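This is what each chain is made of:
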Amino acid sequence: MQKKRSRLRPRVAPWLFLTPAIVLAAGLMFAPLVYTVVLSLQGRKVAASGIGIAADVFVGLDNYVAALTNPALLGSFARMLGYALIAVPVTMGLALVFALLLDNLSTRFTRFSRISIFVPYAVPGVIAALMWGFMYLPGVSPVGELFSLWGWPVPNPLDGGSVFLAVANVSIWGGIGFNMVILYTSLRGLPQEIYDSARLDGCSELQLALRIKLPLILPGVILTGVFTVIGALQVFSEPNMMMSLTNSITSDWVPMMLVYRDAFVTNDLYGASATAIIITAVTMIASLGLLRVLRDRAFGSES
Amino acid sequence: MNSRVSRIAAGAVVSALAIASLAGCTSSEPGDPTTGEPVVLQYWSWAPNIDKIVDVWNESHPDVQVEVNTSVGAADIVAKLSAAKEAGSLPDLSNTTYENLPNLVVNGIAADITEAFGGYEDEIAPAAWDLTTFDGKNYAVPQGTGPQFLFYRTDIFESLGLEAPTTWDEYAAAARTIHTADSSKYLATFPANDAQLFAALSAQAGAQWWSQEDGVWSVGIADADATKVADYWQGLVDEGVVTTLKTWTPEWQAALADGTIASWLSAVWAPPLILQNAPETAGLWGAVRLPQWQAGDSVSAALGGSGTVVTTGTEHAEEAQEFAIWLNNSTDALNAYIENASIWPANLAGRELPGIKDTAPAALAPGFEDFYDVAAEIDDETVPVTWGPDVALAYSAFGDAFGTAITQKSSFGDALTTVQDAVVADMTKLGFTVE
């Protein structure tokens, strides 16, 4: 009896523990994904002449062909790349600088700074975009008022090429705090003795940061870096919100906006599903590829 | 991470389901005549204060109760209803703009209500009747119409010795005078996000964005008349005498309030919005007919207007039809409308209700009492319009093409061609015959 129970337990217990996760994953991730694939293979066709009523039809890969041959998709990826080239390095760089600085400061000052850098992360993306939008628009901007007070022309950051900076600024502002906290936590986890021995060896604080701390928290840097890259690939709420404020942002500005427009503005759920699957594939390939490259570089000996 | 990526990328579809299922949670429960349980109808609308009008119904109809969901806006009504249909949880009734109604018919969302409503033709303004009738069948009960007006700041016009423009030439001259007098001020904005306005202006010029004969569609978005309108506005934009602010933005609201913009091409429903956006300009506005292309003409266009559809998803079609007809045609409902919201009813008798003349729009100059008389005249002069089955796509393409044309200083006429091509491609893809 006792023997039987002990043999059963290891078989059942792991499954019991895993079930909630499996059910959640199946319901929240795989089911929608499968449903999206099913949708992406369909289309609507009107049979009768005149106004007619559309019926769902199977169209095979038509939606994928249409999405891949749509120059707007390529354009949206190009703009997303332009945005990412600004947002990712600045977010990561500043998060790292702040984390290293905070690690070096006195405790009371650290807590205040850490919270004030982190607070923007608590502001939802749409609200942040709305708030920054107000500050960008020349007609209502408090900054603009200062400019016109001095008789200078009021700048419009949403106009022309600076729109990339304007959009990136919002997500950088919101993203630094999150990344900084993760990096700062990794830094606090490092043993103090290493610093002491480094200092005994005549290491300056700058050298300490660059040669000791940075290499030791590299896994954390990679983790936050990959998250930031994925976030950039999926940028949506900031430009979508600012689209209503400026002529410089079109409804297909970045890939996720294109999907949103097709699904919820122009009512082509099927085409939008195909585009969403394509973006999923690109995102997965990009992030897995990035991870592999970084892992080989960073832990060449380990893997 | 793999699963995280797929989850977020599939987010659009997931949220469609989420929206649909949320709507479905409270879907109508069938009424039981034996136990006296009331029938509950779900009604989607964005009209301000609509709940107060529905309250009047609920008080007098204990057996049929209506619940209003006001979270769906005019712009996304088609997509929200399509998602709800996909999930099998359509509301019983919904508001719709006239522009989007053909799309709802094509998608099988708007139910044929000819049997209940077909006999009302004599009671409804002809323009609204035509916009809700396809192939002789009624698909919506008209609510209001949108005769277009030019609203202008009488104080600014007077200070510069300007008269309200009666032709587009005079309008352009006024734009130059205002901008020359003060380079920070403009007569108007040309908003890339207001395709509805441009569609109305090109309809006034004689363009037919869509037309249909014997089941064959023609798309005239980039025809000569519409191009004339595009070129006219490009001239003003290039000269710098009109601005290009998008409407409904905080910046636009500020410009309307502080006189940066001295006029607004809008419709009968605008006065309460002016008052709301720019309360301190109350009493300083005048309203006249649209400027004409030919002096002495009187051609007008409609901007907006909406109706109520009974959906194909309802289990209580009879009650829903009864409510839709009551909501837009009964004296009780129309009086409640006049009291709580601004409406220019499609129901002809409703326009004669004593209350409507008393709501002389406060945003206009005091003593502007013939506003609704003019509205009735404009309604009669309004050119009839046929809306195509993919207006939402056309409007979105318009916003992109004109936004780009403004930022890149490229041709507005080419932008119109881009919109036309997108619309024709979409209609062909949907299986329509487009010549």
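Residues numbered from 1 in each chain as written. Chains lettered and ligands numbered in written order. Predicted model: local features only at pLDDT ≥ 70, side-chain atom pairs only at ≥ 80, totals over all residues. Heavy atoms only, no water.

As annotated in an unreviewed UniProt entry, chain B carries the name Multiple sugar transport system substrate-binding protein and comes from Microbacterium invictum.

Going by what an unreviewed UniProt entry lists, chain A is known as Multiple sugar transport system permease protein and is assigned to Microbacterium invictum. A UniProt comment under Sequence similarities (unreviewed entry) is attached to chain A, and it reads "Belongs to the binding-protein-dependent transport system permease family." If you open the UniProt record of chain A and go to Subcellular location (unreviewed entry), you find "Cell membrane". (UniProt positions renumbered as here; feature names shortened; annotations may be inferred.)

**Student:** Please set out the sheet that holds strand β2 (residues 64-69) of chain B residue by residue, giving values where relevant.
**Tutor:** Residues and elements named next belong to chain B. Read across the sheet, five strands follow the order β2-β1-β3-β12-β6 without closing on themselves; strand pairing throughout is mixed. Lying at the two open borders of the sheet, with one neighbouring strand each, are β2 and β6 (141-144). Averaged over all neighbouring strand pairs, the angle between strand axes comes to 25°, with direction disregarded. Here strand β1 (residues 39-44) pairs with strand β3 (residues 93-97) via two bridges, running parallel. Within β3, the residue paired with W44 across the bridge is S94. (Pairing = 2+ DSSP bridges. Helix = DSSP H or I, 4+ residues; strand = E, 2+ residues; numbered from the N terminus. Axes fitted to C-alpha atoms, helices over the stretch in contact; angles between N-to-C directions.)

**Student:** Got a sec to walk through the packing of aromatic side chains? Specific residues and values, please.
**Tutor:** The tally for this structure, following the rule as stated, stands at 46 aromatic pairs over all chains. Where W344 of chain B meets Y372 of chain B, the ring centres are 5.3 Å apart and the plane angle is 25°; that geometry is what we call stacked. Of this pair, W344 of chain B sits in the loop between α15 (331-340) and α16 (354-358) while Y372 of chain B sits in helix α17 (residues 371-381), and the two are 28 residues apart along the sequence. Judged by relative accessible area, which is 4%, W344 of chain B ranks as buried. We classify Y372 of chain B as buried; its relative accessible area is 6%. A cation over a ring is seen here: K213 of chain A above Y195 of chain A, with NZ or CZ 5.1 Å from the ring centre. In this structure, K228 of chain B is placed above the aromatic ring of W293 of chain B, and the distance from its NZ or CZ to the ring centre is 4.6 Å. (Phe/Tyr/Trp six-rings, centres within 6.5 Å; stacked < 30°, edge-to-face > 60°. Buried < 20%, exposed > 50% of the residue type's maximum accessible area, 1.4 Å probe, protein only. Lys NZ or Arg CZ within 6 Å of the ring centre and 35° of its normal.)

**Student:** Let's hear about the domain arrangement of chain B: which residues, and what values?
**Tutor:** All names here are of chain B. Each domain of chain B was delimited in the assignment, giving domain 1 (3-145 + 304-358) and domain 2 (148-301 + 386-434). On a C-alpha basis, the centres of domain 1 and domain 2 stand 29 Å from each other. The interface is formed by eleven residues belonging to domain 1 together with twelve residues belonging to domain 2. Overall, the association of domain 1 and domain 2 removes approximately 990 Å² of surface from exposure, summing both partners, and the carbon and sulfur fraction of that is 60%. For the domain 1 face of the interface with domain 2, the top three residues by lost area are E99, V106 and S342, together amounting to 44%. Our count for the contact surface shared by domain 1 and domain 2 stands at zero salt bridges. At the junction of domain 1 and domain 2, the tally comes to three residue pairs in polar contact (both at pLDDT 80 or more). Ranked by residue count, the leading element in the side of domain 1 that touches domain 2 is helix α5 (residues 101-106), at three residues. When grouped by side-chain class, the residues that make up the side of domain 1 that touches domain 2 number five nonpolar, five polar and one charged. (Domains from an automatic or database assignment. Contact = heavy atoms within 4.5 Å. Buried area = accessible area lost by both parts, 1.4 Å probe. Salt bridge = Lys/Arg side-chain N within 4 Å of Asp/Glu carboxyl O. Polar contact = N/O pair within 3.5 Å; in protein donor to acceptor, adjacent residues only side chain to side chain. Nonpolar A, V, L, I, M, F, W, Y, C, P; charged D, E, K, R; others polar.)

**Student:** Go over the interface of chain A and chain B with me, naming the residues and quoting the values.
**Tutor:** With 54 residues of chain A at the contact, the number on the chain B side is 50 residues. Summing both sides of the interface, chain A and chain B together bury roughly 4500 Å²; the carbon and sulfur share of this comes to 64%. Of all residues in chain A, I51, N247 and F264 of chain A bury the most surface against chain B, accounting for 19% of the area lost on that side. Linking chain A with chain B are two salt bridges. For D400 of chain B, the salt bridge is made with R261 of chain A, and the minimal N-O distance between the two is 3.4 Å. Summed over the shared surface of chain A and chain B, the number is twelve residue pairs in polar contact (both at pLDDT 80 or more).

**Student:** Describe helix α9 (residues 168-181) of chain B, and please don't skip the residues or the numbers.
**Tutor:** All names here are of chain B. Its 14 residues give α9 an end-to-end C-alpha distance of 20 Å, which sits within 8% of 20 Å, the value for a rise of 1.5 Å per residue. Of the positions making up α9, those classed as buried are W168, Y171, A172, A174, A175, I178 and H179. Buried residues of α9, seen end-on, are gathered within an arc of 160° and therefore sit on one face of the element. For α9, the exposed residues lying more than 90 degrees away from the buried face are D169, T180 and A181. The elements touched by buried residues of α9 are β7 (148-153), α8 (154-159), α10 (195-204), α11 (224-239) and β10 (263-267). (Expected span 1.5 Å × (residues − 1). Arc of directions from axis to C-beta.)

**Student:** Which residues make up the pattern of salt bridges, and what are the values?
**Tutor:** All names here are of chain A. A complete count under the given rule lists 14 salt bridges over all chains for this structure. Residue D103 is joined to R188 by a salt bridge in which the shortest nitrogen-to-oxygen separation is 2.8 Å. One end of the pair, D103, is in helix α3 (residues 71-103); the other, R188, is in helix α7 (residues 162-188), and 85 residues separate them in sequence. D103 sits in the buried class, given a relative accessible area of 10%.

**Student:** I'd like to hear about the sheet that holds strand β11 (residues 285-288) of chain B, residue by residue, with values.
**Tutor:** Residue and element names in this part refer to chain B. Strand order across the open sheet formed by three strands is β10-β7-β11, with antiparallel pairing between neighbours. Looking at the sheet topology across the chains shown, the edges are occupied by β10 and β11. Strand after strand, the sheet turns through a mean of 25° between neighbouring axes, direction not considered. The sheet contact formed by β7 and β10 spans five bridges and is antiparallel. By the bridge assignment for β10, F151 is matched with W264.

**Student:** Could you give me a rundown of α17 of chain B, with the residues and numbers involved?
**Tutor:** Because the α-helix completes a turn every 3.6 residues, residues three or four places apart line up on one side. Residues and elements named next belong to chain B. Listing the buried residues of α17 in full gives F371, Y372, V374, A375, I378, D379 and E381. All buried residues of α17 fall inside an arc of 165° around its axis, so they share one side. Turning to α17, the residues buried within the fold contact β7, α13 (270-277), β11 and α16.

**Student:** Go over a nonpolar patch on the surface, please, and point to the residues and values.
**Tutor:** Taken together, V97, L101, L105 and F109 of chain A make up a surface patch of nonpolar side chains, about 360 Å² in accessible area. Relative to the elements of secondary structure, F109 of chain A occurs in helix α4 (residues 107-118). (Patch = residues over 30% accessible without salt bridge, like charges linked within 9 Å, V, L, I, M, F, W, Y side chains within 5 Å. Areas by Shrake-Rupley, 256 points an atom, 1.4 Å probe, with all protein chains shown as cover.)

**Student:** If you had to explain the packing of α11 of chain B against helix α19 (residues 412-429) of chain B to someone new, which residues and values would you point to?
**Tutor:** All names here are of chain B. Here α11 crosses α19 at 140°, and the two axes come no closer than 8 Å. It follows from the interaxial angle that α11 and α19 lie oblique. You can see that α11 and α19 cross each other, and the crossing is right-handed. On α19, the residues that touch A226, T227, A230, D231, W233, Q234 and V237 of α11 are F412, G413 and L416. Considered class by class, the residues forming the contact of α11 with α19 number six nonpolar, three polar and one charged. (Parallel < 35°, antiparallel > 145°, perpendicular 65-115°, else oblique. Left-handed = near helix turned anticlockwise from the far one by under 90°.)

**Student:** Outline the packing of helix α8 (residues 192-200) of chain A against helix α9 (residues 205-216) of chain A, listing residues and values.
**Tutor:** Residue and element names in this part refer to chain A. The geometry of α8 relative to α9 is characterised by a closest axis approach of 11 Å and an angle of 140° between their N-to-C directions. Between α8 and α9, the crossing angle belongs to the class labelled oblique. For the element pair α8 and α9, the recorded crossing hand is right-handed. Between α8 and α9, the contacting residues are I194, Y195, A198 and R199 on the first element and E205, L208, I212, K213 and L216 on the second. Considered class by class, the residues forming the contact of α8 with α9 number six nonpolar, no polar and three charged.

**Student:** Can you lay out a negative patch on the surface for me, pointing to particular residues and giving the numbers?
**Tutor:** The grouping of E121, D122, E123 and D130 of chain B at the surface amounts to a negative patch. Position of E123 of chain B among the secondary structure elements: in the loop between α6 (114-117) and α7 (126-131). (Lys, Arg positive; Asp, Glu negative; His and termini not counted. Charge placed at Lys NZ, Arg CZ, Asp CG, Glu CD.)

**Student:** Explain unusual backbone geometry to me, using residue names and the numbers behind them.
**Tutor:** Although it is not a glycine, N267 of chain A sits at a positive phi angle of roughly 65°. Here N267 of chain A is to be found in the loop between α12 (255-264) and α13 (269-298). Even without being glycine, D214 of chain B reaches a positive phi, approximately 50°. If you trace the backbone, D214 of chain B turns up in the loop between β8 (210-213) and β9 (216-219).

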